[in-house]
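# Residue-level structural notes
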Amino acid sequence: MSDMLPIIEQLADAPDHVARARWLLRAPEYVLSRDQVVIGKLLAAVGFREGTAALNAEVAASAAVRRPDGSIPITTRLAREHARIGLAIIAREGAGQGELRHV
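Report on the accompanying structure. For clarity, every value in this text was computed on a predicted model and none was experimentally measured. (Residues numbered from 1 in each chain as written. Predicted model: local features only at pLDDT ≥ 70, side-chain atom pairs only at ≥ 80, totals over all residues. Heavy atoms only, no water.)

Our focus in this paragraph is the environment of Glu93. With respect to the helices, strands and loops of the structure, Glu93 is situated in the segment after helix H6 (74-91). Overall, the relative accessible area of 55% leaves Glu93 in the exposed class. Placed 75 residues apart in sequence, Glu93 and Val18 show a C-alpha to C-alpha distance of 6.6 Å. (Helix = DSSP H or I, 4+ residues; strand = E, 2+ residues; numbered from the N terminus. Buried < 20%, exposed > 50% of the residue type's maximum accessible area, 1.4 Å probe, protein only.)

Next up, the structure:
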C-alpha cells in the first residue's frame, strides 16, 4: 500500500505523458499546490518537463500577490495559460482513439 493519496497515485500510475497531461489539466489547484513537491518529483522522475513547467506555473499563480483589483499579474497569468495550452496539445495526442474530445 502506498502512502500517497489516491489522486496522487493516479498520476504515479499514469502510463505516458498524454495521461499525465490530462491529470494535470483536471487536478484541483489545491492539490497541485498542497502536493507540489511529490507531484514535481513524480514528473521529474519520468522526464515530463512540460508537466513540471505547468506545475510550477500553477503554483506560482496560486501563490501570486494579487493586483489592487484582485487579479493575478498578467505575466503570471500568461505563463499559466501558455503551460495549459502545452498540456492540452499533449493531452489531445490520444484523441485519435476517441479518448478525449474536449480539454
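So, on to the environment of Ala12. Assignment of secondary structure puts Ala12 in helix H1 (residues 6-12). Sequence separation between Ala12 and Leu43 is 31 residues, and the spatial gap between their C-alpha atoms is 8.6 Å. When sequence neighbours within four positions are dropped, the list of residues in contact with Ala12 reads Met4 and Leu42. (Contact = heavy atoms within 4.5 Å.)

With that settled, consider the packing of helix H4 (residues 36-45) against helix H5 (residues 49-63). Contact geometry of H4 with H5 gives a least axis separation of 9 Å together with a crossing angle of 160 degrees. With respect to H5, the axis of H4 lies roughly antiparallel. Considering how the two elements wind past one another, H4 and H5 form a crossing that is left-handed. Across from Gln36, Ile39, Gly40, Leu43 and Ala44 in H4, the residues of H5 making contact are Gly51, Thr52, Leu55 and Val59. (Axes fitted to C-alpha atoms, helices over the stretch in contact; angles between N-to-C directions. Parallel < 35°, antiparallel > 145°, perpendicular 65-115°, else oblique. Left-handed = near helix turned anticlockwise from the far one by under 90°.)

Turning our eyes to something else, we now look at H5. Look at H5: 21 Å from first C-alpha to last across 15 residues, which is about the 21 Å you get at 1.5 Å a residue. Residues of H5 that are buried include every one of Gly51, Ala54, Leu55, Ala57, Glu58, Val59 and Ala61, and no others. Contacts made by the buried residues of H5 are with helix H2 (17-26), helix H3 (29-34), H4 and H6. (Expected span 1.5 Å × (residues − 1).)

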